[in-house]
Every structure is written in structure tokens, then in C-alpha cells.
Amino acid sequence: MATDGNLDGTLFGAMLREFEEAARILSLERGIWRILTSPKRQITVSCPVQMDNGEIIVFTGYRVQYNVTLGPAKGGIRYHPGVTLDEVTTLAAWMTWKCAVAHIPFGGGKGGVICDPSVMSRRELEALTRRYIAEIIDAIGPEKDVPAPDVNTNEQTMAWIMDTYSMHVGHTETAVVTGKPLELGGSLGRREATGRGVMIMARESARHVGFDIKGAKVGVQGFGNVGSVSADLLAKAGARIVAVSDWKGGVYNAKGLDVPALLDYAGRNRTVQGFAGGEPLTNDGLFKLELDVLIPAALENQITMANVADIRARVIVEGANGPTTPDANDQLYKRGIFVVPDILANSGGVTASYFEWVQDRHGYFWTEQEVNERLEAKIVQAFDAVRQTSIDFKVDMRTAAYIVAIKRVADVTRVRGMYA
Ligand code: GLU
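Now for a quick tour of the structure. The structure displayed is predicted, hence computed values, not measured ones.

Spatial ordering of the open sheet is given by β1-β2-β4-β3-β5, a layout of five strands whose pairing is mixed. Either end of the sheet is taken by a strand with one partner, and the two such strands are β1 (41–50) and β5 (145–149). Averaged over all adjacent pairs, the angle separating strand axes in this sheet is 25°, with direction ignored. Bridge count between strand β2 (residues 56–67) and strand β4 (residues 107–114): six bridges; the pairing is antiparallel.

An ideal rise of 1.5 Å per residue puts 20 Å on 14 residues; helix α4 (residues 122–135) measures up with 20 Å between its terminal C-alpha atoms. All of the buried residues along α4 are Glu-124, Leu-125, Leu-128, Thr-129, Tyr-132 and Ile-133. Relative to the axis of α4, the buried residues are bounded by an arc of 155° and lie together on one face. In this structure, the buried side of α4 is in contact with β1, β2, β3 (73–80), β4 and α5 (155–169).

Next up on the list: the pairing of β4. In terms of burial, β4 is a largely internal element, seven of the eight residues being buried. One ladder, built from six bridges, connects β3 with β4; its direction is parallel. When the sheet's bridge partners are listed, Arg-78 is paired in β4 with Gly-112.

Once that is clear, we can look at the sheet that holds strand β10 (residues 290–296). One open sheet holds the seven strands; their spatial order is β9-β8-β7-β6-β10-β11-β12, and the pairing between them is mixed. Edge positions in the sheet fall to β9 (279–281) and β12 (338–340), since each of these pairs with one other strand and no more. Direction aside, the axes of adjacent strands within the sheet are offset by 30° on average. Summarising the sheet, strand β8 (residues 250–252) and β9 pair through three bridges and their orientation is antiparallel. The residue of β9 that forms the bridge with Val-251 is Pro-280.

Every buried residue of helix α8 (residues 259–269) is listed here: Val-259, Leu-262, Tyr-265 and Ala-266. Here the buried residues of α8 occupy an arc of 115° about the axis, which is enough to place them on one side. Counted as exposed and oriented over 90 degrees from the buried face of α8: Pro-260, Gly-267 and Arg-268.

What follows concerns the site of the ligand. Looking at the ligand, there are 14 residues lining it, with Lys-74, Lys-98, Pro-149, Asp-150 and Ser-353 nearest. Measuring from an oxygen atom of the ligand, one finds a side-chain N or O atom of Lys-74 at 2.8 Å. A distance of 2.6 Å separates an oxygen atom of the ligand from a polar side-chain atom of Lys-98. Within the complex, 94% of the 290 Å² of free accessible area of the ligand lies under protein. Looking at the shell around the ligand, the elements that each hand over two or more residues are β3, α3 (85–102), β5 and α12 (347–362). Broken down by class, the residue content of the shell around the ligand amounts to four nonpolar, five polar and five charged.

The next point concerns the packing of helix α1 (residues 11–25) against helix α14 (residues 397–416). Across the interface, α1 lies against α14 with an axial gap of 8 Å and an inter-helix angle of 70°. Comparing the axis directions of α1 and α14 gives the class roughly perpendicular. Here the hand of the crossing between α1 and α14 comes out right-handed. Touching Met-15, Glu-18, Phe-19, Glu-21, Ala-22, Ala-23 and Ile-25 of α1 are Arg-398, Thr-399, Tyr-402, Ile-403 and Ile-406, all from α14. Of the residues belonging to the contact of α1 with α14, the class tally is eight nonpolar, one polar and three charged.

Attention shifts here to the packing of aromatic side chains. Taken as a whole, this structure holds 12 aromatic pairs when the rule is applied. An angle of 75° between the planes, with centres 6.2 Å apart, marks the rings of Tyr-66 and Trp-97 as edge-to-face. You can see Tyr-66 sitting in strand β2 and its partner Trp-97 sitting in helix α3, a full 31 residues away along the chain. Trp-97 shares its class with Tyr-66; the two are buried. Through successive ring pairs, a cluster of aromatic residues spans Phe-12, Phe-19, Trp-33, Tyr-66, Trp-97 and Tyr-402.

Rules used in this analysis
Residues numbered from 1 in each chain as written. Predicted model: local features only at pLDDT ≥ 70, side-chain atom pairs only at ≥ 80, totals over all residues. Heavy atoms only, no water. Pairing = 2+ DSSP bridges. Helix = DSSP H or I, 4+ residues; strand = E, 2+ residues; numbered from the N terminus. Axes fitted to C-alpha atoms, helices over the stretch in contact; angles between N-to-C directions. Expected span 1.5 Å × (residues − 1). Buried < 20%, exposed > 50% of the residue type's maximum accessible area, 1.4 Å probe, protein only. Arc of directions from axis to C-beta. Contact = heavy atoms within 4.5 Å. Near = heavy atom within 4 Å. Polar contact = N/O pair within 3.5 Å; in protein donor to acceptor, adjacent residues only side chain to side chain. Areas by Shrake-Rupley, 256 points an atom, 1.4 Å probe, with all protein chains shown as cover. Nonpolar A, V, L, I, M, F, W, Y, C, P; charged D, E, K, R; others polar. Parallel < 35°, antiparallel > 145°, perpendicular 65-115°, else oblique. Left-handed = near helix turned anticlockwise from the far one by under 90°. Phe/Tyr/Trp six-rings, centres within 6.5 Å; stacked < 30°, edge-to-face > 60°.

Encoded structure:
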């Protein structure tokens, strides 16, 4: 799947285009190029589950370990009807570059199960999770591959994974998965970490571009764990959250939305649509707004050639993975819009996952302040390294992030050498 075949229109093809631009600038040798564009391992499993009505459904699940040169594979597991092997492989590649940019000792992995959790009961989701983990159990572990939450999975899902793995190996093994509930080896600050990282990236970008985050107009697409925490923390930092949209609809308020009230509303209604503190807004409408900061925090392929001309934000911070297509990215760069790419922008989550894994392995836990201070330091370091690279090489932030990441993985690949 890696380099042969027609990849046009695939997500992996889009990732390759981003990779190749940076690899060319680095004059990456052909052999390392081949290694870094080949997924190390792709696992496909069938997961039979007896549903509440007695019927047996067989769900397809994937786990891809894209590259483990820097350490164990790391990356979330998503539950979504649209999951494909192409998507999971690409997300695993992005995790590889993300961990390298964040400068944490992990490779990249990702998992996905084709299912629609919105129509499944808690018991069905637990059965599916346990069966999926049982099917990939030999491939995961604290030293091998450490899953985490992603789209439609949460702390409860991680608890089931930790328990299933622990039952199989015969002892409690908390470090097999991150994003766990606090009482079973989770880390303070992990749940908010991706959003906190996005907030810090937005603040640093504003400083770089030349405006203050206080009073800045912000629009957020997606109100899941990433979008909602980003909006909340940015509002606390003094920004004005003027628009939020999600899978169902959106809300707009030029004076700034009351974010705590919106969080409360969305918690009860599973959507921001219908919130009384603003006017209705569509997803397309959100992208057309004049904003200082736009945060796409939903799914892939949201900013495309079909809507890129409408975008009037000064800064885009990609909370989601892959929200911008490569062609649209080129347009944004030409128009001088400062884009903080996904592999940098949302790396706060996996950085806090690294902290959780370290704490689990030590059996010694940090205060929330320690977690947040270390997170802030890592995020600012990563932002500065990429910004400096973009200045040195006269490239956009995405290419710069790839340059930093590829260089780190390639250097270690060379030093480790070839086995057999
Ligand atoms: N799913 C998150 C991401 O895409 C977090 C991964 C992790 O913490 O391992 O970065």
C-alpha cells in the first residue's frame, strides 16, 4: 500500500504529498525515503459481537503500526462508520510525524473500528472494545504499542482496554493505554491536553503574526473533546469565541458566545445546535466568517478547494488530524494565512499521553500543575522549533513540521542501521 498503486484521492496520497515536499528539501536518500513511506504493520481483525437484540454482528477493526523507530507505536483508536484502512494507515503515519515533532520517544500507530457508536448501547460498546482488543492483544503493550482515545472513544473505552489487556497478561498493566480515568492510572490534565495545546498554539501564533489573543475573534469547527476544551481555554485566555459548529449545526454571536453555558447545553443535547445564546449558523457559514483564529477540530478533509477561497481567518490551528487538503493548504499559504499544521497543533494530547505512560511506569503521579507546566514547555519548544525551521527553509509551517519530524526519524534510522 505504501508507495505502489494509484494513491490519487486517498488520504495516504495526501500525506505522501506533504511528506515528499519536506523529504525533497532534506535531500532524503531513496532507501530511508522508502522505509519512511511504508507502514511497518497493518492488522485487520473481525470482531463478532452479540447485540442487545440477540443478533450477531461482525465488526471490522484495524490497528496500524506505521513506524516504531523512535519507540513504541502510539496513537488513538477511533470508532466511526467511515473508518477505512487507508484512513487508519494515514493517521498512523501522522502520529509518527507528530510524536517526532513533539520530541517524545514514540513511534506512530492508530486503530479504528467501523461502527456507529451513536446507535450502540454501553454493553455493546464494551463487548466490541474487549473483542477488538483481544484480537490485537499480541501486538499491543507498554513497550510495543500504546493506544489512546480518538474520535468517539473516551476514558471508559480506555478502562475496558486496560482491563482486557490486564486480564490476559495476568496482572494489572496500566501503561498499555493512555487517556484512562484518573483512578486507574490516568494523568491529571490528559483530558484537556489536546485543547490546551491548541490554545497555546493559537496564543503563540497570534504573537508571531502580530495580534493579541485577548479579544481575538475565534471560530471552532467541532465541539468534541478537542473543540470544546480549545474554546473553553481560549475564552479563559480572553479570546472571543464568536462561532462554534458541530455535526448537526452551529451558533454565532458577534459579541462572543457564553462558553460555559454552551458546554452545559452541548453536554445535555449532544450538539450546539439550538443554543439560545446565539444565531444559527451552518458549517459552511463558519468557514466564511472574518476571524482572527479558525480552529477546525472535527474530521479530515474539511478545508478543500471547494471552500478555501471563502476562508477569511488570519490564523488556522488544526485541532483535527488532516482537516486541510494539500491543494487547499497551498492556497492558504499563498494568501498569507498562517496555518499551524495538525501534527504540531494537536500534539498536546499525545504529549500528555507520554506523561501518563511515564507516570504509570514509575507508579508515581504528578500534580495537575506539574503536568500543565511540562506540557506548556514541550508545546512552546515544538512551536518554536517548527517556526524557526519555516524561517530557515522559507517554507510554510506544515512543510517545516515535516522537515523537523522526518529529520528526527531519519537520523535515528541511520544510526540504528538495518537488521539482517
Ligand atoms: N488521538 C490523539 C491524536 O490523534 C491522541 C493520541 C495519543 O495520545 O496517543 O493525537
